[in-house]
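The primary structure of each chain is shown beneath.
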Amino acid sequence: MILYTPLPLELVLLSDDSGSPYQEIEYDGVTLVVEPMGIGLGKIVQVKSTDPSVYLRPELQPGQQIPLSTRIN
Amino acid sequence: MQDKHEPTPPKPRKQTQGVKKIDTIKEFGQTDVPTVKTNIHCLPIIGQIEGHLILPPQNKTTKYEHIIPQLVAIEQNPEIEGLLIILNTVGGDVEAGLAIAEIIVSMTKPTVSLVLGGGHSIGVPIAVSARYSLIAETATMTIHPIRLSGLVIGVPQTYEYMDKMQDRVIRFVEKHSCISEAKFRELMFQTGELARDIGTVLVGRDAVEVGLIDDVGGINKAIKKLQEFIKEEKNKKGDYLH
């Protein structure tokens, strides 16, 4: 792999073994990055969509809490 | 008792407000969400472009495996008529970056790229891959040679391999923008511009002057250009039918 970046490589490849606290889920057809908050709840960190109207949906605003296991009804 | 209860269908479970909202969308097609019908989708490319290796978590990354299927879906969806690519990237994996750029170049839907903040290194081929490219006045693009990471064996082949990788990027940029190969190489190997490296930083208008980017502008110009392209496409289709 070749990294083509102006950032110093030691900064990019610095590893701290802590792992990412975030989890990526699919919620109502939208990919979200969430921070698990406890049992069955997550806080939205990032919305990943190319549809600009998704970003206007009030329930998908970053910081909102959403149920994590939406598939189990 | 049981017979009496049987005909009534089980009530849908609606425990939380969030679930209720989704149920109304699913069941009645109604929602209090402002439904903005948009025919232009927007693809933000942020942080490092991640390809063959997962980068450590302190990096903000745009993953190749997310972007490619999104681009495929956009190309196929008849409701989406144009794509705006917003770039604020510090580069990343050469192959992943080139792959994204190649997909954008081969799309039939109109594409416009807008460099905001920074479009460095491998962000350069992605920026030029759109049909029309724009750069914000304060945005920068760094052009510098590719470096090798990890164990480097000091043999001529290493240099040749790197040169080949570099040529892939240079050729792509030359083919899809107005800059000449010689000029791009000159910018790439400039000394005295960058503190830690050789290369050049192009700020806003500089990128337009060297022929890399089409124009300086923001969201207004980007959307206007996309709408122009969409109109052209529609006219073309109309001509074909008649």
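Above this note sits the structure.
Residues numbered from 1 in each chain as written. Chains lettered and ligands numbered in written order. Predicted model: local features only at pLDDT ≥ 70, side-chain atom pairs only at ≥ 80, totals over all residues. Heavy atoms only, no water.

**Comments concerning the sheet that holds strand 3 (residues 30–38) of chain A**
Neighbouring strands of a sheet are bound in pairs by backbone hydrogen bonds; such pairs are parallel or else antiparallel. All names here are of chain A. The strand order across the open sheet built from 4 strands is 2-3-4-5, with neighbouring strands paired in antiparallel fashion. Every interior strand has two partners, whereas the edge strands, strand 2 (23–27) and strand 5 (65–67), have only one. Here the average twist between neighbouring strands, direction ignored, is 55 degrees. For strand 3 and strand 4 (residues 41–48), the ladder comprises 7 bridges, and the chain directions are antiparallel. Each residue of the ladder has a partner; that of Gly 38, found in strand 4, is Leu 41. (Pairing = 2+ DSSP bridges. Helix = DSSP H or I, 4+ residues; strand = E, 2+ residues; numbered from the N terminus. Axes fitted to C-alpha atoms, helices over the stretch in contact; angles between N-to-C directions.)

**Section: the packing of helix 6 (residues 156–176) of chain B against helix 7 (residues 181–188) of chain B**
All names here are of chain B. The interhelical angle for the contact between helix 6 and helix 7, taken along N-to-C directions, is 130 degrees, at an axis separation of 9 Å. For the element pair helix 6 / helix 7, the angle class is oblique. The element helix 6 and its partner helix 7 pack so that their crossing is right-handed. Contacts between helix 6 and helix 7 pair Gln 166, Asp 167, Ile 170, Val 173 and Glu 174 from the former with Glu 181, Phe 184, Arg 185 and Met 188 from the latter. (Parallel < 35°, antiparallel > 145°, perpendicular 65-115°, else oblique. Left-handed = near helix turned anticlockwise from the far one by under 90°. Contact = heavy atoms within 4.5 Å.)

**Focus on the interface of chain B and chain A**
Taken together, the contacts link 45 residues of chain B with 33 residues of chain A. When chain B packs against chain A, close to 3300 Å² is buried across both sides, 62% of that on carbon and sulfur atoms. Taken together, the links from chain B to chain A amount to 0 salt bridges. Where chain B touches chain A, the interface holds 10 residue pairs in polar contact (both at pLDDT 80 or more). Mapped by element, the contributors of at least two residues to the side of chain B that touches chain A are helix 2 (17–28), strand 1 (40–50), helix 3 (64–76), strand 3 (82–93) and helix 6 of chain B. The element best represented in the side of chain B that touches chain A is strand 1 of chain B, accounting for 7 residues. Partitioning the side of chain B that touches chain A into residue classes produces 24 nonpolar, 16 polar and 5 charged. Sheet analysis places strand 1 (residues 3–4) of chain A next to strand 3 of chain B, joined by 2 bridges and oriented antiparallel. Looking at strand 3 of chain B, one finds that A:Tyr4 is bridged to B:Gly92. (Buried area = accessible area lost by both parts, 1.4 Å probe. Salt bridge = Lys/Arg side-chain N within 4 Å of Asp/Glu carboxyl O. Polar contact = N/O pair within 3.5 Å; in protein donor to acceptor, adjacent residues only side chain to side chain. Nonpolar A, V, L, I, M, F, W, Y, C, P; charged D, E, K, R; others polar.)

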